[in-house]
Structures are given as structure tokens and as C-alpha cells.
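Descriptive structure summary
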Amino acid sequence: MSKTWSEILIDDHQTTERVFDAVLQAFATPAGPPLRLVLKFRSYVREYVDGCHNKKEEDHLFPLAEARGVPRQGGPLAVMLMEHEQSRQALELVTQLVDRYSAGEAGVLEELREAIEGYASLLKGHFWKETDVLYPMVRRLMEPGDDAQVLAGIEATEAALGPDTRAKYYGLAKEICGMVGLDPLSFALAPDVLAAILDTLPVELSFVDAEDTVRYFSHEHHDKIFPRTRGSIGVKVQQCHPAKSVHLVNRILADFKAGKKRVAEFWIDLGGRRVHIRYFAVRNPQGQYLGCLEVVQDITAIQALTGERRLLD
Ligand SMILES: [Fe+2]
Ligand SMILES: [Fe+2]
């Protein structure tokens, strides 16, 4: 199934954030970033982030949002456009410093790192506002046919830059990440395949990020032990728990963030079923805390197992 306009734009945000992480990680190595990587980064952000992603929003999404009642002046669109402009200025500085670095001025490296950090932090904040606030707002205001119109506009902007523009720059992003070993095995999986894999696990998963915001749950279209709705996505986990258990949630999260604990587990009897509930601290290979994974499993049948079964029925 082809992607919706918001899935495409959110994929752009996520891919770009991975590129930022990769480049800044390369700056943190004793040898510094290879020039090849810095040049690929410059191409990616200039040609794709500024030259394509922002253009898709400015030429197609924002005008539609305005037509559906989101004010351009003094409202969220004005903030988004101002941040695009600020990001262009930050990018201009990055570009000048990359030019000096590639001309052999090694002393410019620290200044370049700071400029990239500033650019990345500006855009990460901007992406978050769009993904979590602006896009859902526009989706709610849309009228029949609007989705298709924005999608067609996005495809036209990409096509104007050449064939397979998005795939080409996602390939470049993958190369950049691969150069610093930031190439998780799941990178090659389409998000819908990854989601289907997670939905096939015999456990229910929920994930809250490092800021305690609910970001994901599995088995949306299945019978669940603990049903969840999409409304919980983007909400602080403390708001999804009864007041009397919030202190427990906070203690688990504090221990995970501080690295004092990696797992917290509970088991309860629920309507004749024995339910095992575990929380795991999720960390990337560098040890950075990414969030907390809740794993809920009906273990009634597992506990009832006796003897062995070594052959298929
Ligand atoms: Fe934007
Ligand atoms: Fe964006």
C-alpha cells in the first residue's frame, strides 16, 4: 500500500534524525569525521531536507492547512515557516564551514561541529512539533480529496528533482549511517513489515520514550489483555495510569534512567488467566536510554505445560 502524505513526511523526519545522530557520532570519534561523510551530509541536508522536504511542506501542506483554517499569521504555520527560515540560515553556516573544512582548514572542525549541533537541535524540535502537533491538526481539518491532493503535490515536488528522489536520498542517509556503524538490522525493513512482525509476537508491547511519552503499542487490531487506543500515543505515561500507581511508574522509570535497574516484573491473576507484566529499559548500542518497553504475556498455557513435545501433531 502506498504511504500517506504524513507517513512520507514523518519518514523524512526520522531518516533525517538518524543522519544527524550518525554525523554527530562521527565528530565524537578521536579521528574526527571523514571528509567523505561530511560531504555526503552536506548533500543530504541541502538537497533533500531543505531542497525537498521543506519544499513539500511549504508548497503543498501549508497552503492546504491555511485553506482549511490554520492561520498563516500568528499561528502554528507562522512558527513552522519561521523555523524553516532559521534552519536555512543555520544550514548556510554549516555549508560555509564544510567548504572551509574540505579546502583543508582542519582548525574549523570544532566550529563545524557546533554549527551542525545547532542545526540538528533546531530541526529536531521542529520535526517534533510537526509530527506531534501540526500534522494531526491538519489531518483533523482535512476534507475529502485533501489527502490525495497533498500526496500528489509531494510526489510532484520529488519528481521535479529527478526519478526516485526519495529512495535516492534515503539511500544516501543509509550510507551516512553505515559509515559510523549506525545501521541497525531493521533499517532495511519497511515500517509496516516491522509492525507486522511485532504484532506477531505472542506478547503485547508498549513503548514510552526517554521523555516518558507513549510512542507505540502493538496488536492494535487484536484482542488484547490490556486494550489501548491511539489516543494514548503522544501522552505522558503518568497520565495513562491511575493516580495510586503513578509513584510506582515513576520509580521504575527513574531507576531505568539512572541505570540502577534493567527489568521490573509483576504477575497477576486476571479473570482466570495468569498475566506476566515486565518492563525493560531500552538502550541503544552506545548505552543511551531510549525508553521503557512494557511486555505483557498470558502465561497460563505456558505454566500448564508438562513433559515434552518433540514432534509435530
Ligand atoms: Fe517543516
Ligand atoms: Fe517537516
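Residues numbered from 1 in each chain as written. Chains lettered and ligands numbered in written order. Predicted model: local features only at pLDDT ≥ 70, side-chain atom pairs only at ≥ 80, totals over all residues. Heavy atoms only, no water.

**Some points on the pairing of strand β3 (residues 263-270)**
Under the convention used in this document: Strands are labelled as partners when DSSP assigns at least two bridges between them. Numbered from the N terminus, helices here are DSSP runs of H or I no shorter than four residues, and strands are runs of E no shorter than two.
With 8 bridges connecting them, β3 and strand β4 (residues 273-283) associate as antiparallel partners. Bridged to Asp269 within β4 is Arg274.

**Description of the coordination of the iron ion (ligand 1)**
Here is the rule we go by: Distances up to 2.8 Å from the metal define which N, O and S atoms are donors, and 3.2 Å serves for Na, K and Ca; water is absent from the atom set, so sites may look incomplete. For four-coordinate sites, all angles between 85 and 135 degrees define a tetrahedron; for four- and six-coordinate sites, opposite donors beyond 155 degrees with the remaining angles between 65 and 115 define square planar and octahedral shapes respectively, and all other cases count as irregular. Partly exposed describes any residue whose relative accessible area lies between the buried limit of under 20% and the exposed limit of over 50%, with all areas from a 1.4 Å probe on protein chains only and scaled to the type maximum.
Protein ligation of the iron ion (ligand 1) involves Glu57 (OE), His84 (NE2), His126 (NE2) and Glu130 (OE), the donor distances falling in the range 1.9 to 2.2 Å. Note that the iron ion (ligand 1) binds 4 donor atoms; their angles at the metal cover 84 to 179 degrees, and the shape is irregular. Sequence spacing of the donor residues for the iron ion (ligand 1), all on one chain, is E-x26-H-x41-H-x3-E. Residue Glu130 is classed as buried on the basis of its relative accessible area of 0%.

**Some remarks on the coordination of the iron ion (ligand 2)**
In an ideal tetrahedron of four donors about a metal, each angle is 109.5 degrees. In an ideal octahedron of six donors, the angles are 90 or 180 degrees. Protein coordination at the iron ion (ligand 2): the donors are His13 (NE2), His53 (NE2), Glu57 (OE) and Glu130 (OE), at 2.0 to 2.2 Å from the metal. In this structure, the iron ion (ligand 2) is coordinated by 4 donor atoms arranged in irregular fashion, with angles at the metal of 87 to 175 degrees. In the primary structure, the donors to the iron ion (ligand 2) are separated according to the pattern H-x39-H-x3-E-x72-E. The iron ion (ligand 1) is placed at 3.1 Å from the iron ion (ligand 2), the two being bridged by Glu57. Of this pair, Glu57 sits in helix α2 (residues 35-67) while Glu130 sits in helix α4 (residues 109-141), and the two are 73 residues apart along the sequence. Of the two residues, Glu57 and Glu130, both sit in the buried class.

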